[in-house]
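As a plain string of letters, each chain reads:
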Amino acid sequence: MANVIVIGAQWGDEGKGKITDLLSRSADVVVRYQGGVNAGHTIVVQGQTFKLHLIPSGILYPKTECIIGCGTVIDPQVLIKELDQLEKLNISTANLLISQTAHVTMPYHRMIDKASEEVRGNHKIGTTGRGIGPTYADKSERTGIRMLDLMDADGLREQLEWTINYKNTILEKLYNLPPLDPQVVIEEYLGYAERLRPFVVDTSLQIYDAVLRRRNILFEGAQGTLLDLDHGTYPYVTSSNPVAGGACVGSGLGPTMIDRVIGVSKAYTTRVGEGPFPTELHGEIGDLLGDRGAEFGTTTGRKRRCGWFDAVIGRYAVRINGMDCIAITKLDVLDELEEINVCVAYEIDGERCEHFPTSARMFARCRPIYKTLPGWQMSTSHCRTLEELPPQALDYLRFLAELMDVPIAIVSLGASRDQTIIVEDPIHGPKRALLHPNGTPV
Ligand code: GDP
Ligand code: IMO
Ligand code: MG
């Protein structure tokens, strides 16, 4: 039995979907614990591509229970579409459960998300426009609608009549947008409620029950460490806690019941949306990474910004998540390069800096200090063991592991399940050893 958290170590899109699907083979339960339909997790199985936004990436295994936890925000319209698409493909959704305390994204959340981005102009965040920030804002402001509210028709009517009138003032007066008709929204959402009712339960009870039965639980993070509301590149972040700590809050399971944290990182870096990105590449090499890596957003189709691997944020992600081991994905994307740069530290105003600076203004001034490694200039997508990799690729991986001080458990060399090297058993194999500053194990 092992309860494992899978998290993104960069700015999202690291390949969490592929790695979660891979690990789901030995999981009984897979839990999404934060985020909403801003996420886009891709899984490729036997040439067929699945793009999941809210449903956990364990859904392709018929016996695996999939849980959408209390820390997520749910856009019922998108979720129902996702359910319909899976069912059309004969993927059973009978084992899906949805937390009754997860918050619901409403039409005014999507409208406010888009309108506030426009108002911000040059200061925009580059959100996915899916209403994520406004849904979490209402949760904090205590005006949110939860799944259990959706299930209670009379209560929902009363709550939405008040809330929509309140939101209409904001839509009309602040954003110059047409008001919403409360009755239309209420009827629309009561329709969604009927479709989703069979899935809605107290999922924290289900998760605890799975722990007591010694089931294997996998927690699937969305977004990534640098998009975390508290630990990321604020304000250019999402509105939830993708870091490993978020898995406990967002599922209702205590931290003593977590056994392991697995990070996922690309062999280079990408970012969608605005915000500083020290290793970003604007020229030919950036385009090559974008083309070879097919770096277009799974949710919005936006072009992802591409850059070299950044070991400063890698080290930061290891620390903030208490990462035990890491999966390095998309190594194959680097196959053609003659030389590869790795950012080993930053320079800020002439001073060397080894650590991720928490101030956004400082981070924007960071210049990468690179170490250049030779490329391997041959295809790696067929490799299934470390021994089959060209020596330069092996050296590259060793260098990343050393810089981040974390063992690499998985190397991914293509989108499909089989394009993977399992270096160590990610769940039961060796963990990162914590060392005292004097070098002895803690
Ligand atoms: P997620 O949000 O972290 O699940 O990642 P996305 O699905 O948004 O983006 C990762 C993309 O890379 C998807 O299109 C995957 O199919 C693809 N992918 C995953 N691993 C690999 C890999 O090792 N090599 C290549 N070339 N593509 C990969
Ligand atoms: P997955 O789970 C990459 C980014 C957006 C924007 C910022 C805030 O597929 O890795 P939001 O809509 O959340 O308020 O946008 O966060 N973002 C992601 N970037 N992958 C994601 O999810 C993301 N989800 C949000 O581009 O910069
Ligand atoms: Mg994605």
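Anyway, here's the lowdown on the structure attached to this text.

About the cut-offs
Residues numbered from 1 in each chain as written. Chains lettered and ligands numbered in written order. Predicted model: local features only at pLDDT ≥ 70, side-chain atom pairs only at ≥ 80, totals over all residues. Heavy atoms only, no water. Helix = DSSP H or I, 4+ residues; strand = E, 2+ residues; numbered from the N terminus. Rg over C-alpha atoms; globule rule 2.2 N^0.38 Å. Contact = heavy atoms within 4.5 Å. Areas by Shrake-Rupley, 256 points an atom, 1.4 Å probe, with all protein chains shown as cover. Lys, Arg positive; Asp, Glu negative; His and termini not counted. Charge placed at Lys NZ, Arg CZ, Asp CG, Glu CD. Polar contact = N/O pair within 3.5 Å; in protein donor to acceptor, adjacent residues only side chain to side chain. Near = heavy atom within 4 Å. Nonpolar A, V, L, I, M, F, W, Y, C, P; charged D, E, K, R; others polar. Donors = N, O, S within 2.8 Å, 3.2 Å for Na, K, Ca; no water. Buried < 20%, exposed > 50% of the residue type's maximum accessible area, 1.4 Å probe, protein only. Pairing = 2+ DSSP bridges. Axes fitted to C-alpha atoms, helices over the stretch in contact; angles between N-to-C directions. Parallel < 35°, antiparallel > 145°, perpendicular 65-115°, else oblique. Left-handed = near helix turned anticlockwise from the far one by under 90°. Expected span 1.5 Å × (residues − 1). Arc of directions from axis to C-beta.

### Some points on the overall build of the chain
Thinking step 1. Broken down by element type, the chain carries 13 helices and 20 strands.
Thinking step 2. Its C-alpha radius of gyration of 22 Å places the chain within 12% of the 22 Å reference for a compact globule of 442 residues.
Thinking step 3. Each principal axis of the C-alpha atoms in the chain carries an extent, and together these give about 65 × 50 × 45 Å.
Thinking step 4. Counting only contacts in the chain whose residues sit at least 6 apart along the sequence, the fraction spanning at least 24 positions is 76%.
Thinking step 5. Approximately 18800 Å² of the chain is accessible, and the part contributed by carbon and sulfur atoms is 51%.
Thinking step 6. Once the 45 positive and 55 negative side-chain charges of the chain are each reduced to a mean point, those two points are 1 Å apart.

### With respect to the side chain of His53
Thinking step 1. Along the chain, the position of His53 falls in the loop between strand 4 (48-52) and strand 5 (65-68).
Thinking step 2. For His53, the side chain forms a polar contact with the main-chain oxygen of Ala39, separated by 2.7 Å.
Thinking step 3. His53 has contacts with Arg32, Gly36, Val37, Ala39, Gly40, Glu82, Thr298 and Thr299, leaving out every residue within four places of it along the chain.

### Structural notes on the site of ligand 2
Thinking step 1. For ligand 2, the set of nearby residues contains 20 residues, the closest of which are Asp13, Lys16, His41, Thr128 and Thr238.
Thinking step 2. Gln223 has a polar backbone atom sitting 2.8 Å from an oxygen atom of ligand 2.
Thinking step 3. The contact in question runs from an oxygen atom of ligand 2 to an N or O atom on the backbone of Val272, over 3.0 Å.
Thinking step 4. Within the complex, the protein chains bury 98% of what would otherwise be the 540 Å² of accessible surface of ligand 2.
Thinking step 5. Considering only residue class, the shell around ligand 2 consists of 7 nonpolar, 10 polar and 3 charged.

### With respect to the coordination of the magnesium ion (ligand 3)
Thinking step 1. Within the protein, the magnesium ion (ligand 3) binds to Asp13 (OD) and Gly40 (O); these donor distances fall in the range 2.1 to 2.2 Å. In this pair, Asp13 sits in the loop between strand 1 (3-8) and helix 1 (16-23) while Gly40 sits in the loop between strand 2 (29-32) and strand 3 (41-45), placing the two residues 27 residues apart along the sequence.
Thinking step 2. Accessibility expressed as a relative area gives 10% for Gly40, which makes it buried.

### Let's talk about the sheet that holds strand 2
Thinking step 1. With mixed pairing, 10 strands are arranged side by side in an open sheet as 9-7-5-2-10-1-11-15-19-20. In this open sheet, the two edge strands, each paired with only one partner strand, are strand 9 (200-201) and strand 20 (420-422).
Thinking step 2. Relative to strand 20, strand 19 (residues 408-412) runs antiparallel, the two being bridged by 3 bridges. Its bridge partner being in strand 20, Ser412 is matched across the sheet by Thr420.

### A short note on the site of ligand 1
Thinking step 1. Taken together, 18 residues lie near ligand 1, and Lys16, Gly17, Thr42, Asp332 and Ser412 sit nearest.
Thinking step 2. Contact between ligand 1 and Lys330: an oxygen atom at 2.9 Å from a side-chain N or O atom of the residue.
Thinking step 3. Note that an oxygen atom of ligand 1 is positioned 3.0 Å from one of the backbone N or O atoms of Gly414.
Thinking step 4. Expressed as a share of its isolated accessible area of 580 Å², the protein-covered part of ligand 1 is 91%.
Thinking step 5. Of all elements in the fold, only helix 1 and strand 3 reach the threshold of two or more residues within the shell around ligand 1.

### Things to note about the environment of Gly414
Thinking step 1. Here Gly414 is to be found in the loop between strand 19 and strand 20.
Thinking step 2. Leave out the neighbours within four places in its chain, and Gly414 touches Lys18, Asp332 and Gln419.

### Thoughts on the packing of helix 3 (residues 107-120) against helix 6 (residues 153-174)
Thinking step 1. At a minimum axis distance of 11 Å, the contact between helix 3 and helix 6 shows a crossing angle of 15°. Our classification of the angle between helix 3 and helix 6 gives roughly parallel. In this structure, helix 3 crosses over helix 6, and the sense of that crossing is left-handed. Where helix 3 abuts helix 6, its residues Tyr108, Met111 and Ile112 lie against Leu160, Thr163, Ile164, Lys167, Ile170 and Leu171.
Thinking step 2. Classifying every residue of the contact of helix 3 with helix 6 gives 7 nonpolar, 1 polar and 1 charged.

### Things to note about helix 7 (residues 182-196)
Thinking step 1. An ideal rise of 1.5 Å per residue puts 21 Å on 15 residues; helix 7 measures up with 21 Å between its terminal C-alpha atoms.
Thinking step 2. By the burial criterion, the buried members of helix 7 are Pro182, Val185, Ile186, Tyr189, Leu190, Tyr192, Ala193 and Leu196. The buried side chains of helix 7 occupy one side of the element, clustering within an arc of 160° when seen end-on.
Thinking step 3. In this structure Asp181 caps helix 7, since a side-chain oxygen of it lies 2.9 Å from the backbone nitrogen of Gln183.

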